[in-house]
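Report on the structure
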Amino acid sequence: MAHLGGESGRRSSSRRARRADSEDDGAGGEQSSEAGPGGTPDAAAPGATPQQDEPSSSAAPTPGSAGRRRPAARGQQRVVENSDDEGEDINDEDAVRRDYQAVPELDTYDAGDLDGEDYSPMSPSARLAAEESLHKRDRDDVQRGARVPRALRGFDDDDEFNRPSRRRRRERDEGPGLEGTEMTVNIEDLPEGMSLPDFIGSDLARREIKRRFVHFLRTFTDEAERPIYRDRVKRMCDANKQSLEVSYMHLSNAQPVFGIWVADAPEPILDALNEAAFEVVLQLYPNYQEIHNEVFVRIIELPITDKLRDIRQVHLNALVKVGGVVTRRTAIYPQLKMVMFDCTKCGYRVGPYYQSTGMSDVKPNACSECQSKGPFSINQEQTVYRNYQKMTLQETPGTVPPGRLPRYKDVILLGDLIDCARPGELVEVTGIYKNNFDASLNTKNGFPVFATVIEANHVSKKDDIYSPFRLTEEDEEKIKALSKEPGLIQKITASIAPSIFGHDDIRTALALSMFGGQSKDVNGKHRIRGDINVLLLGDPGTAKSQFLKYVEKSMSRAVFTTGKGASAVGLTAGVHKDPITREWTLEGGALVLADTGVCLIDEFDKMSDQDRTSIHEAMEQQSISISKAGIVTTLQARCAVIAAANPKSGRYNSSLHFHENVELTEPILSRFDVLCVVKDTIDPILDTQLAEFVVRSHCNSHPSIVHEDDDDANTGEGEGPIPQSLLKKYIVYAKKHVRPSMSNIDRDKVVDLYAKLRQESEAGGGIPIAVRHVESMIRMSESFARMHLRSVVRDDDVNMAIRVMLDSFISSQKYGVQRALRRQFQRYLAFNKDNNEILFYLLQSMVRDELQFARSKNILGLREEEEIAIEKRDFEARAGAIGVHNFEDFYSCTMFTSRFQNDAASQTIRHVKEAPSPSRARGAASQASI
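All figures in this text were calculated on a predicted structure; none of them were measured in a lab.

Attention shifts here to the overall build of the protein. Summing up its helical and strand segments, the protein has 36 helices and 26 strands in all. By the burial criterion, 39% of the 930 residues in the protein qualify as buried. Taking all contacts inside the protein whose residues are at least 6 apart in sequence as the whole, residues at least 24 apart take part in 70%. Counting every atom, the protein has about 53,400 Å² of accessible surface; 50% of that belongs to carbon and sulfur.

Encoded structure:
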């Protein structure tokens, strides 16, 4: 239509020009009429030279003329000058009517130039074929260098014929930088008088930024010459994600100017980087735009982290990185991204208008068609929305200065960042610090004040490096190799809280709870929990709270609370009014926040009975039912509970029953799968080892200590047999990928054991054995199988679970009943234990008895460690009673030689004091010199 309209306009203009010429010639016609009625021009005077620039006056053309008569040059020049000076009124109706009036002098054509032949109508296919041949002829002329006459081309033909080829366009967009040649555009020098955001938004700079970033994504490699971001793009597309994480250090090292601009003017440059990243994605996956229509570049590893209370005006519109705890988050709302309006008066579609975050609503001022000022309605079909969510970030309690209140800041989450963090989680937010106008602040303060928010670009949670999405192939190879090592259970338990001495039973229970069993959903009607609950009950000063703190730091999702500082609402859920919508909403407590994680409760005995009753449902059914303020719902609390409690009288009394030592009811005790009783007994051997361990740990942990080449430098109390980083990844991988099932096991063994324990619990007066304990053995069997990354539970896993269950049951009995039960279930308790460990424990108990006997006789004048001697025949006889008859390996192992001496002459075993280490010897020598 534009082409036809242009041709029509040109014909109208030429027609009016010719009419003006004819009128001008009419004035001269009176002069030429004297020449005769024929209107022929007068003959030139003899000897006169004809004027080449000014032709003679016009006359009516004869039918034999070559065509239309050429208008007078003088009149034409006058019309053109008037047209250039004054223009032409296209709305003049009289001028339009004059354009179509008949002019006989101009409407005469040469009959030889007219084609009067009749043509038959063309079919649509024949017409398309003819047009294609004409276009091909024109393209061939352009390639040969011939120029198509402008009169034969329309307005759109210029772009079509002058458009470069696909290869030239790709080379122009990608630039010669990909081949290693010089950059054609220098964007390092900022033009004078132009701000950085304006310069980045210019077409030339934006095109160069995109070209360089595409080159960076394609060619940046690590130290091993492996492409980093090409693999990240593939992993992102395989997971159907929208976020491409780009390291700030990588970007600044490859393109230093990008590092400066991303920090100072992040908003315009991130828009260009997003478009460039999406182009790279489309080159690898051309159909990816059917899944997502854009890709976001997320900046990670920003080197500087600011505190919320240190953010100032200089950080406005800059990229900042802050950390804190998420206290609350709103629901997900649709936000206008690109809006189209319809004028209600004329129906014209106005737009598009792009809505920026934090600014007021964008509305058109007037309709471009009817010039009315509204009203306008939003076109719902063509308007584009995006996800919007706001969360509140508060300072971490440990970083708040003394005597100050924690600061908080609102964080805006857009796109795929929504629901990336839940209340109670510790996160780090990288985003743009922006300001927006807040009417309430101006009303309150009386002068213009702007509220500030952080528009998040990347959100990372604490321990997010251990998420399954981040585990590399190298990590998976290490995890699978570790699962095949012998003695894996002993290595895992020894690596849990390695800075704490002893308490192997607690380590095993914590390992079972951290790995967990397999939950089951029976036909979608009944759910059986797979999490393992543990209760630590014992004397003060036995590192119960330290074990809980270790689990909190090791698990990816853990919530720590205390019994005295937590109420029923704080543990389950509460109802409050949302400050934005003013509606009643639910706020989850500790058990809800720890969903799919671990909830740690210290000082469990200090809780009131009402508060403990509120968590009965959460510990067994793993759900919390709410019926408050008109809200009736059920929240998920699929978490393991690890609690620590102190005895009722301050210290545990072995002469009393378990329920007499603690103020906990039987319903709450039966919900714990494992009970660990920790007693602070006086043992000279263990006390010496414990004191040496603590002193050595403090010495090795001092920041100014310089280790020498001695044994103390490599004790490794802070790191167990398995590195902590690998252990965390191992737990995450096992819980994510391993689903153990029970098929071929000795079921009669479990049934017989349950029947025997029921009888003993009734006779002994310990904790009552219920059906829940059978489920506990099954869950622990699945947890042991998961430690080995096995998908099937074997008999040895069941035997290990029975051993832990018996240890838990026997430790809750009276001292006299314990010895009888240990002799009765000795074959279960000794399963998978090293004979050397059994013999060492037996020898220590015999030495302990001899020491107590010596004290009773008050024979303490000599050194006790050198005087204690055990008869070998007594020791070997007691070992034979438990099924151990080989002693050669035990007498030669390091465990025995470090504490005991085998005297072959007297056939006794002597307990000796440990030889001092070189550092202790030097310390004693320096003390003696002082």
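This paragraph deals with the sheet that holds strand β21 (residues 674–678). Within the open sheet, the 5 strands sit side by side as β14-β17-β20-β13-β21. Their pairing is parallel. Two strands in the sheet have a free side with no partner beyond their single neighbour: β14 (558–562) and β21. Averaged over neighbouring strand pairs, the angle between their axes works out to 15° when direction is ignored. As paired strands, β14 and strand β17 (residues 598–602) are joined by 5 bridges and run parallel to one another.

Taken as a whole and assessed by the stated rule, the structure comprises 10 aromatic pairs. With centroids separated by 6.0 Å and ring planes inclined at 55°, the aromatic side chains of Phe220 and Tyr229 adopt a geometry described as tilted. Just as Phe220 is buried, Tyr229 falls in that class too. Measuring from ring centre to ring centre gives 5.9 Å for Phe604 and Phe672, while their planes differ by 90°; the resulting arrangement is edge-to-face. Here Phe604, found in the loop between β17 and α20 (609–613), pairs with Phe672, found in the loop between α23 (666–669) and β21; they are 68 residues apart in sequence, far enough to count as distant. The pair formed by Phe604 and Phe672 is uniform in burial state, with each residue classed as buried. The ring of Phe560 has Lys549 lying over it, and the distance from NZ or CZ to the ring centre is 4.0 Å.

Packing of helix α11 (residues 256–264) against helix α12 (residues 266–284) leaves a shortest axis separation of 6 Å and a crossing angle of 125°. With respect to α12, the element α11 is oriented oblique. Of the residues in α12, those touching α11 at Phe258, Trp261, Val262, Ala263 and Asp264 are Pro266, Ile269 and Leu273.

With antiparallel pairing, the 3 strands of this open sheet are ordered in space as β24-β26-β25. Sheet topology places β24 (869–871) and β25 (900–903) at the edges, where each strand pairs with a single neighbour. Looking at each pair of strands side by side, their axes are set apart by 25° on average, direction ignored. Relative to strand β26 (residues 908–911), β25 runs antiparallel, the two sharing 4 bridges. Note on β26: the bridge partner recorded for Phe900 is His911. Along the sheet face, helix α33 (residues 872–881) touches β24, β25 and β26 and points at about 60° away from the line of β24.

A large share of strand β2 (residues 296–300) lies buried, amounting to 5 of its 5 residues. The alternating pattern of β2 places Phe296, Arg298 and Ile300 and Val297 and Ile299 on opposite faces, both of which are buried.

Over its 19 residues, α12 runs 27 Å from end to end, which matches the ideal 27 Å to within 8%, given 1.5 Å per residue. Regarding α12, the residues found buried are Pro266, Pro268, Ile269, Leu270, Ala272, Leu273, Asn274, Ala276, Ala277, Phe278, Val280 and Val281.

Another point: unusual backbone geometry. Here the phi dihedral of Asn240 falls at roughly 55°; this positive angle occurs in a residue that is not glycine. Tracing the chain through its elements places Asn240 in the loop between α9 (228–238) and β1 (243–247). The phi angle at Leu789 is positive, at roughly 60°, despite the residue not being glycine. In this structure, Leu789 sits in the loop between α27 (771–787) and β23 (792–793).

Next up on the list: the pattern of salt bridges. What the rule picks out here adds up to 32 salt bridges. Between Glu208 and Arg212 there is a salt bridge, with the nearest N and O atoms lying 2.9 Å from each other. Of this pair, Glu208 and Arg212 both sit in helix α8 (residues 203–219), 4 residues apart, roughly one helical turn. You'll find Glu208 and Arg212 in the same group, each marked buried. For Lys491, the salt bridge is made with Glu485, and the minimal N-O distance between the two is 2.7 Å. One continuous salt-bridge network, built from bridges that share partners, spans Arg529, Glu620, Asp673, Arg772, Glu775 and Arg779.

Turning to the nonpolar core, a few remarks are in order. Counting 98 residues, the largest nonpolar core has Ile492, Ile496, Leu535, Val551, Leu591, Phe604 and Phe658 as the members making the most contacts within it. Among the elements that take part in this core, helix α28 (residues 795–811) stands out by supplying 9 residues, more than any other. For Ile492, the contacting residues outside a window of four places in its chain are Ala511, Phe515, Ile722, Leu727, Tyr730 and Met787. If you look at the next biggest cluster of nonpolar residues, it comprises 41 residues, including Ile187, Leu196, Leu217 and Ala265.

Examined against the element boundaries, Gln901 turns out to sit in strand β25. Residue classification places Gln901 among the partly exposed residues on the basis of a relative accessible area of 45%. In this structure the C-alpha to C-alpha distance between Gln901 and Ala869, which are 32 residues apart in sequence, comes to 9.4 Å.

Thresholds, definitions, all that
Residues numbered from 1 in each chain as written. Predicted model: local features only at pLDDT ≥ 70, side-chain atom pairs only at ≥ 80, totals over all residues. Heavy atoms only, no water. Helix = DSSP H or I, 4+ residues; strand = E, 2+ residues; numbered from the N terminus. Buried < 20%, exposed > 50% of the residue type's maximum accessible area, 1.4 Å probe, protein only. Contact = heavy atoms within 4.5 Å. Areas by Shrake-Rupley, 256 points an atom, 1.4 Å probe, with all protein chains shown as cover. Pairing = 2+ DSSP bridges. Axes fitted to C-alpha atoms, helices over the stretch in contact; angles between N-to-C directions. Phe/Tyr/Trp six-rings, centres within 6.5 Å; stacked < 30°, edge-to-face > 60°. Lys NZ or Arg CZ within 6 Å of the ring centre and 35° of its normal. Parallel < 35°, antiparallel > 145°, perpendicular 65-115°, else oblique. Expected span 1.5 Å × (residues − 1). Salt bridge = Lys/Arg side-chain N within 4 Å of Asp/Glu carboxyl O. Core = buried A, V, L, I, M, F, W, Y, C linked by side-chain atoms within 4.5 Å.

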